[in-house]
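Inside the fold
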Amino acid sequence: MDRIRIVGGQPLKGRIPISGAKNATLPLMIASLLTDEPLVLENVPRLADVALLQRILGNHGVDIMVGGKRPGDGEYDGQTLHISAKRIVDTTAPYDLVSRMRASFWVIAPLVARMGEAKVSLPGGCAIGTRPVDLLLMALRHLGAEIEIDGGYVLARAPHGLRGGEIVFPKVTVSGTHTALMGAVLAKGATVIENAACEPEIADVADCLVKMGARIKGAGTPRIEIEGVARLDGTRHRVLADRIETGTYAMAVAMTGGDVMLDGARPELLQAALDVLVEAGVEIAATNEGIRVQRNGAGIAPVTVTTAPFPGFPTDLQAQLMALMTRAKGTSRITETIFENRFMHVQELARFGADIRLDGETATIAGVPRLKGAPVMATDLRASVSLVIAALVAEGETLVNRVYHLDRGFERLESKLSACGAEIERISG
Ligand SMILES: CC(=O)N[C@H]1[C@@H](OP(=O)(O)OP(=O)(O)OC[C@H]2O[C@@H](n3ccc(=O)[nH]c3=O)[C@H](O)[C@@H]2O)O[C@H](CO)[C@@H](O)[C@@H]1O
Ligand SMILES: C=C(OP(=O)(O)O)C(=O)O
């Protein structure tokens, strides 16, 4: 299994190109099931999750062709996927595929909307919490689907098609909102989604659906209105920039000091996180090219942060912020409100010498003057990258094990960081 070796101590300087967002790419690929016309997605990141979803969609009969490089394309330009779900040959998503990636469960909505039935394995548990799907199923029921759970599979049936309805989410859920949206676009009649997730990835998927002929108003706000249509066309869509990758590299620069331009980053997608970095003493400047992040000389000031749905501070940046705060001049508090068990990085950060106390959903981080490299391993994607951030300033060598978590969500992490002066390499095998 690959490992990443890092020797800390180098400030980051240079440019880091920001890739297309994983969390928009996955539902966009799934949206291809809604039409028998080709969907072309540009700026698709090269990630393990994308490759796995290609296999899962292939199992339903979807053809995916990866476009070749065009003259002038750089090594970091995203891929172009040509996706055609002209013929869906199988409406079952099997356990061995769905259990490996949670978002693959979301195929349930377009399959039942277009084909009238779907049989999808319940998704696997994962290291950040129990992550039930009750609200996704509630949304499908409100759209007229009959739902049964049998042998670890969810069977959703709507032989005469879905029909519009009112869906009021008791809590904000990204997966629930994607499901409701993808079901409602092909339902008969009008749907209103209340307390919808406002994450930019929802709005990006809705933009693409509108180009495909869907009638959607209010995506990106808590109230989304959809008027169902009988069929959708193909289209071409460019995946928006990854705000979590952006925030992660911004925190890496904040940690090491230095000066990096995050090319293609969009500040409005992560304003809450940028505000926290400014409070911590980091200089942030939005330019036409992206976001410039600098920290020269001044130390890191402690912060108090609570994760929240968009536009709040994202849970997907919580681990990275915690890594940064291990070196703050003072005591920080970070409260996680989205996932009940998203603190697996705490025990690993302790291996570097971090001083973190956990009390329920709040972590208290007493900044320490130095971290020391260690062998570490994490059980989820963002926790893994928080260890990379700590390693970039730790004295001596760190070996990050279980790199496959990083490969799920960070495209060419080691080459992007080494191009900015980090001493980082992948050790294969
Ligand atoms: C692929 C993708 O886009 N993943 C993101 C998505 O995950 P995901 O879509 O799974 O997260 P949700 O927004 O659905 O979950 C938010 C909260 O709602 C709970 N819940 C959710 C569904 C449900 O049926 N019942 C229920 O109780 C979850 O357990 C969690 O506590 O949004 C999260 C919150 O921004 C991010 O951390 C993930 O990176
Ligand atoms: C938790 C994440 O992804 P997923 O929902 O696919 O597990 C993430 O992107 O941080």
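Read on for an overview of the structure. (Residues numbered from 1 in each chain as written. Chains lettered and ligands numbered in written order. Predicted model: local features only at pLDDT ≥ 70, side-chain atom pairs only at ≥ 80, totals over all residues. Heavy atoms only, no water.)

Quick look at the overall build of the protein
The number of helices and strands found in the protein is 14 helices and 24 strands. Here the C-alpha radius of gyration of the protein, 21 Å, is about what a compact globule of 429 residues would show, namely 22 Å. Each principal axis of the C-alpha distribution contributes one length, and for the protein these read about 65 × 50 × 40 Å. Looking at the protein residue by residue over its 429 residues, the buried ones come to 56%. Taking as baseline every contact in the protein between residues at least 6 positions apart, the subset at least 24 positions apart corresponds to 75%. Carbon and sulfur atoms provide 49% of the accessible area of the protein, an area that totals close to 16400 Å². (Helix = DSSP H or I, 4+ residues; strand = E, 2+ residues; numbered from the N terminus. Rg over C-alpha atoms; globule rule 2.2 N^0.38 Å. Buried < 20%, exposed > 50% of the residue type's maximum accessible area, 1.4 Å probe, protein only. Contact = heavy atoms within 4.5 Å. Areas by Shrake-Rupley, 256 points an atom, 1.4 Å probe, with all protein chains shown as cover.)

Notes on the packing of helix α5 (residues 134-142) against helix α6 (residues 174-184)
Following both chains from N to C, one finds α5 and α6 inclined at 20°, their axes separated by 8 Å at the closest point. Classed by the angle they form, the pair α5 and α6 counts as roughly parallel. Note on packing geometry: the crossing formed by α5 with α6 is right-handed. Each of Leu136, Ala139 and Leu140 in α5 lies in contact with α6, whose residues at this interface are Ser175, Gly176, Thr179 and Ala180. Its residues assigned to classes, the contact of α5 with α6 comprises four nonpolar, three polar and no charged. (Axes fitted to C-alpha atoms, helices over the stretch in contact; angles between N-to-C directions. Parallel < 35°, antiparallel > 145°, perpendicular 65-115°, else oblique. Left-handed = near helix turned anticlockwise from the far one by under 90°. Nonpolar A, V, L, I, M, F, W, Y, C, P; charged D, E, K, R; others polar.)

What about unusual backbone geometry?
Looking along the chain, the bond that leaves Phe310 and enters Pro311 is cis, with omega of 10°. Structurally, Pro311 is set in the loop between β18 (304-306) and α10 (318-325). Backbone geometry places Arg402, a non-glycine residue, at a positive phi of 55°. Phi is positive for Arg412, which is not a glycine, with a value near 50°. Within the fold, Arg412 resides in the loop between α13 (404-409) and α14 (413-418).

Let's talk about the packing of α6 against helix α7 (residues 200-211)
Running from amino to carboxyl end, α6 crosses α7 at an angle of 10°, the nearest separation of the two axes being 10 Å. As far as their axial angle goes, α7 and α6 are roughly parallel. Residues Val174, Thr177, His178 and Leu181 of α6 touch α7, and the partners they reach there are Glu201, Ile202, Val205, Ala206 and Leu209. A class-by-class count of the residues in the contact of α6 with α7 yields six nonpolar, two polar and one charged.

Function cannot be inferred from these measures alone, as they are strictly geometric.
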